[in-house]
Amino acid sequence: MFRRLCLVAAMAMAVAMLGSGGPASASAGQVKAVISLSDQSMKVTVNGWRRYSWKVSTARRGYRTPRGRFRPTRMYKRYFSKKYHNSPMPYSVFFHHGYAIHGTNSVKNLGRPASHGCVRLHPDHARKLYELVQRYGKANTEIVVVR
């Protein structure tokens, strides 16, 4: 009887952790977003497990998206570009000076270079990434941009 109770308790705890997406503690988690400039894609892992794979748009000809490893520096649920005609940048996660990952209304261009250097995502995907960074913390989030 005791073994059965222990087994049921262990199964319940495992189901609870899976349902919550992992450990409840923010410091226990790690978010990693890898952006491929050549594939125009982003792969997001949480605690080493791949959670998402999305199309993105990065810098078009004449502009650049910085390569390297970064941490988020600031975040805004609603943001408008001060440099490019007050363009909406919902769910912005800034990672290097004025460069950010953010949602776009120009979803038809996702999967090919189209931006002034930021990393554009479908607004729903930008929201999910924003919420992950918010949940796990900027210090526990790494943004990697590769060729």
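All figures in this text were calculated on a predicted structure; none of them were measured in a lab.

Definitions and cut-offs
- Residues numbered from 1 in each chain as written.
- Predicted model: local features only at pLDDT ≥ 70, side-chain atom pairs only at ≥ 80, totals over all residues.
- Heavy atoms only, no water.
- Helix = DSSP H or I, 4+ residues; strand = E, 2+ residues; numbered from the N terminus.
- pLDDT = per-residue confidence, 0-100.
- Contact = heavy atoms within 4.5 Å.
- Expected span 1.5 Å × (residues − 1).
- Buried < 20%, exposed > 50% of the residue type's maximum accessible area, 1.4 Å probe, protein only.
- Arc of directions from axis to C-beta.
- Pairing = 2+ DSSP bridges.
- Axes fitted to C-alpha atoms, helices over the stretch in contact; angles between N-to-C directions.
- Phe/Tyr/Trp six-rings, centres within 6.5 Å; stacked < 30°, edge-to-face > 60°.
- Lys NZ or Arg CZ within 6 Å of the ring centre and 35° of its normal.

**Student:** Just to check I follow, could you spell out unusual backbone geometry for this structure?
**Tutor:** A negative phi angle is the norm for most residues apart from glycine, just as the trans form is the norm for most peptide bonds. At Gln-40, a position not held by glycine, the phi torsion is positive, near 55 degrees. Among the secondary structure elements, Gln-40 is positioned in the loop between β1 (31–36) and β2 (41–46). The phi dihedral of Asn-86 is positive, around 60 degrees, even though this residue is not glycine. Inspection of the secondary structure assignment puts Asn-86 in the loop between β5 (74–76) and β6 (92–96).

**Student:** Which parts of the structure should I look at to understand the confidence of the model for the protein?
**Tutor:** As a note on interpretation, predicted positions should not be read in detail where pLDDT is low. Per-residue pLDDT for the protein has a mean of 87; in total, 81% of the residues score no lower than 70. Below a pLDDT of 50 lies the segment residues 4–27, which in the model reaches 14 contacts outside its immediate sequence neighbourhood of four places, other chains included.

**Student:** Just checking my understanding: could you explain helix α2 (residues 123–136) for this structure?
**Tutor:** Since there are 3.6 residues in each turn of an α-helix, residues three or four apart along the chain are aligned in direction. For α2, built from 14 residues, the straight-helix expectation of 20 Å at 1.5 Å per residue is met to within 8% by its first-to-last C-alpha distance of 20 Å. Those residues of α2 not exposed but buried are Ala-126, Leu-129, Tyr-130, Leu-132, Val-133 and Tyr-136. In an axial view of α2, the angular spread of the buried residues amounts to 160 degrees, which keeps them on one side of the axis. Following α2 by one or two positions, Gly-137 has its phi on the positive side, about 100 degrees.

**Student:** Is there a simple way to explain the sheet that holds strand β8 (residues 119–121) in this structure?
**Tutor:** The pairing of strands in a sheet happens through backbone hydrogen bonds and is either parallel or antiparallel. The strand order across the open sheet formed by four strands is β5-β6-β7-β8, and the pairing between neighbours is mixed. At either end of the open sheet lies a strand with only one pairing partner, and these are β5 and β8. Pairwise comparison of adjacent strand axes, ignoring direction, gives a mean angle of 15 degrees for this sheet. Inspection of the sheet shows strand β7 (residues 99–103) paired to β8 by three bridges, in the parallel sense.

**Student:** Even after reading the chapter, I still don't get the packing of aromatic side chains, so can you show me in this structure?
**Tutor:** Centre distance and the angle of the planes are the two values used to describe a pair of aromatic rings. Per the counting criterion, the structure on display carries six aromatic pairs. On the basis of an interplanar angle of 85 degrees and a centroid distance of 6.0 Å, the ring pair of Tyr-76 and Phe-94 is categorised as edge-to-face. One end of the pair, Tyr-76, is in strand β5; the other, Phe-94, is in strand β6, and 18 residues separate them in sequence. Seen in terms of ring centroids, Tyr-91 and Tyr-130 are 5.5 Å apart; in terms of plane orientation they differ by 70 degrees. Their pairing is edge-to-face. Here Tyr-130 lies in helix α2 and Tyr-91 lies in the loop between β5 and β6, a separation of 39 residues in the sequence. Of the residues examined, Tyr-130 reaches a relative accessible area of 6% and is grouped as buried. A connected cluster of aromatic rings, assembled from ring pairs, spans Tyr-76, Tyr-79 and Phe-94. Sitting over the face of the ring of Phe-94, Arg-74 holds its NZ or CZ atom 3.9 Å from the ring centroid.

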